[in-house]
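Here's the letter readout for the chains.
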Amino acid sequence: MRKQRRAGYKLNRRRHSSANRYSRLWLPVRVPKLNMNPISPVVGEEAGAEKGAQTGEERPSKPSSGKLLVSVIIPAMNEQKTIGAVIREARRVHPHTEVIVVENGSSDRTAKVALAAGARVISFPEPLGHDVGRRIGAEAASGQVLLFLDGDIVIPCERLRPFIQAICAGADIVLNDYHGPVNHTSVHPVVDAKHVLNILSNRADLGGASMTAIPHAISQRALKKIGLKSLEKPPLFQAMSIVSGLRVVTVYGIAVGRMNATRKKQNGKDPLVDVIVQDHLDAISWITSHLGTRAGFTDLKRKRIRDEVKP
């Protein structure tokens, strides 16, 4: 008799798909650092600082005791055609849901459509920069669970609920079980970066699952432990969460790569590729600064430094 799955979903701790070439990769053993210093917020963010919307508007009052509130955060720019449908699905993920749209740099009716669909809108006249809207939305959120979406990808609420359920079941970071195409002769640099970061984080089982992709959800516990500022670089937030011992899982793969609109290229290149890859390099730099140049993995019996080799 099959065991009943908890809360009707499955937490994927390891991929068995042949598409994930890294899940079976042999790696040296990582030696845990027993005296590792606790993770502190990124420089420039004071621990325990009061959170509030940056536009000067009042934050909604916190939910009453015992009532779970889900905050859905949607950065948006010039997405009036899809934002209404995205919000309508988001509002249905849980009985107590607030939807926060961080509208920035739009020249169309994105803000008006979002308001009409029932979202709380935080507007900025100029573009904030890649992923900055996620941090601003999280800063304004009141929910115990934060779900992150994009304004141009409509995902049915039924496919979003497992992310909420996983947080309620004890996970801290819940990632989309989407890994990007890795069977091509030339793998996209962003896909490569995601796999490499998870390997160095000692979570090769995550494959290419990443906070760079939506949907993903985080708990308030994770947000308080890692800090708001790191949300501007999702790979860094993810690496810090893994190293600090937070529970990072994947649920329900949604192939958002096929649903994402093609961005205009500049000089034949996607302008965001370098930004996203650099975010992963910053996360790798953080790991090596905290766990050593080998990211906490042993060198077995090899001695690579000549001075250490005895004649």
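See above for the structure.
The rules behind the values
- Residues numbered from 1 in each chain as written.
- Predicted model: local features only at pLDDT ≥ 70, side-chain atom pairs only at ≥ 80, totals over all residues.
- Heavy atoms only, no water.
- Salt bridge = Lys/Arg side-chain N within 4 Å of Asp/Glu carboxyl O.
- Helix = DSSP H or I, 4+ residues; strand = E, 2+ residues; numbered from the N terminus.
- Buried < 20%, exposed > 50% of the residue type's maximum accessible area, 1.4 Å probe, protein only.
- Contact = heavy atoms within 4.5 Å.
- Axes fitted to C-alpha atoms, helices over the stretch in contact; angles between N-to-C directions.
- Parallel < 35°, antiparallel > 145°, perpendicular 65-115°, else oblique.
- Left-handed = near helix turned anticlockwise from the far one by under 90°.
- Nonpolar A, V, L, I, M, F, W, Y, C, P; charged D, E, K, R; others polar.
- Pairing = 2+ DSSP bridges.

(A) The pattern of salt bridges, seen in detail. What the rule picks out here adds up to ten salt bridges. Between Arg-135 and Glu-232 there is a salt bridge, with the nearest N and O atoms lying 2.8 Å from each other. With Arg-135 in helix H3 (residues 132-140) and Glu-232 in the loop between helix H6 (220-226) and helix H7 (234-243), the pair connects residues that are 97 residues apart, well separated along the chain. Judged by its relative accessible area of 15%, Glu-232 is buried. Asp-282 is the salt-bridge partner of Lys-233, the closest N and O atoms lying 2.5 Å from each other. Placement of the pair is Lys-233 in the loop between H6 and H7 and Asp-282 in helix H9 (residues 271-291), with a sequence separation of 49 residues. Since its relative accessible area comes to 23%, Asp-282 is described here as partly exposed.

(B) Molecular detail of helix H1 (residues 83-90). Where burial is concerned, most of H1 is hidden: six out of the eight residues are buried. Here H1 has its buried residues at Ile-83, Gly-84, Val-86, Ile-87, Glu-89 and Ala-90. On its buried face, H1 is in contact with strand E1 (70-76), strand E2 (97-104), helix H2 (110-116) and helix H4 (157-168).

(C) Spotlight on the packing of H7 against H9. Where H7 contacts H9, the two axes come as close as 8 Å, and the packing angle between them is 25 degrees. Viewed along their axes, H7 and H9 adopt a mutual orientation that is roughly parallel. As for the relative orientation of H7 and H9, their crossing is right-handed in sense. Here Pro-235, Leu-236, Ala-239, Met-240 and Val-243 of H7 come into contact with H9, specifically with Asp-279, His-280, Asp-282, Ala-283, Trp-286, Ile-287 and Leu-291. Broken down by class, the residue content of the contact of H7 with H9 amounts to nine nonpolar, one polar and two charged.

(D) Up close: the environment of Lys-67. For Lys-67, the position within the fold is in the segment before E1. Leaving out residues up to four positions away in the same chain, Lys-67 has contacts with His-96 and Gln-144.

(E) Region of the structure containing the sheet that holds strand E4 (residues 145-148). With mixed pairing, seven strands are arranged side by side in an open sheet as E3-E2-E1-E4-E6-E5-E7. Every interior strand has two partners, whereas the edge strands, strand E3 (120-124) and strand E7 (248-251), have only one. The mean angle between the axes of side-by-side strands here comes to 20 degrees, regardless of whether they run parallel or antiparallel. Bridge count between E1 and E2: seven bridges; the pairing is parallel. Within the sheet, the bridge partner assigned to Ile-74 lies in E2 and is Val-101. Against the sheet, H4 engages E1, E4, strand E5 (173-176), strand E6 (216-219) and E7, with an angle of about 155 degrees to E5.

(F) Representation of unusual backbone geometry. Cis geometry marks the peptide bond from Ile-214 to Pro-215; its omega dihedral reads -5 degrees. Tracing the sequence through the fold places Pro-215 in the loop between helix H5 (189-200) and E6. The backbone of Asp-131 shows a phi angle near 70 degrees, a positive value even though the residue is not glycine. With respect to the helices and strands, the residue Asp-131 is situated in the loop between E3 and H3. Classification of Asp-131 by relative accessible area gives buried; the value is 12%. The phi angle at Tyr-252 is positive, at roughly 50 degrees, despite the residue not being glycine. Tracing the backbone shows Tyr-252 in the loop between E7 and helix H8 (256-259).

(G) The arrangement of the pairing of E6 in detail. Neither face of E6 is left uncovered, since the one carrying His-216 and Ile-218 and the one carrying Ala-217 and Ser-219 both have all their residues buried. Summarising the sheet, E4 and E6 pair through four bridges and their orientation is antiparallel. Note that in E6 the partner of Leu-146 across the bridge is Ile-218. When E5 meets E6, the two strands line up antiparallel, connected through two bridges. Note on E6: the bridge partner recorded for Ile-173 is Ile-218.

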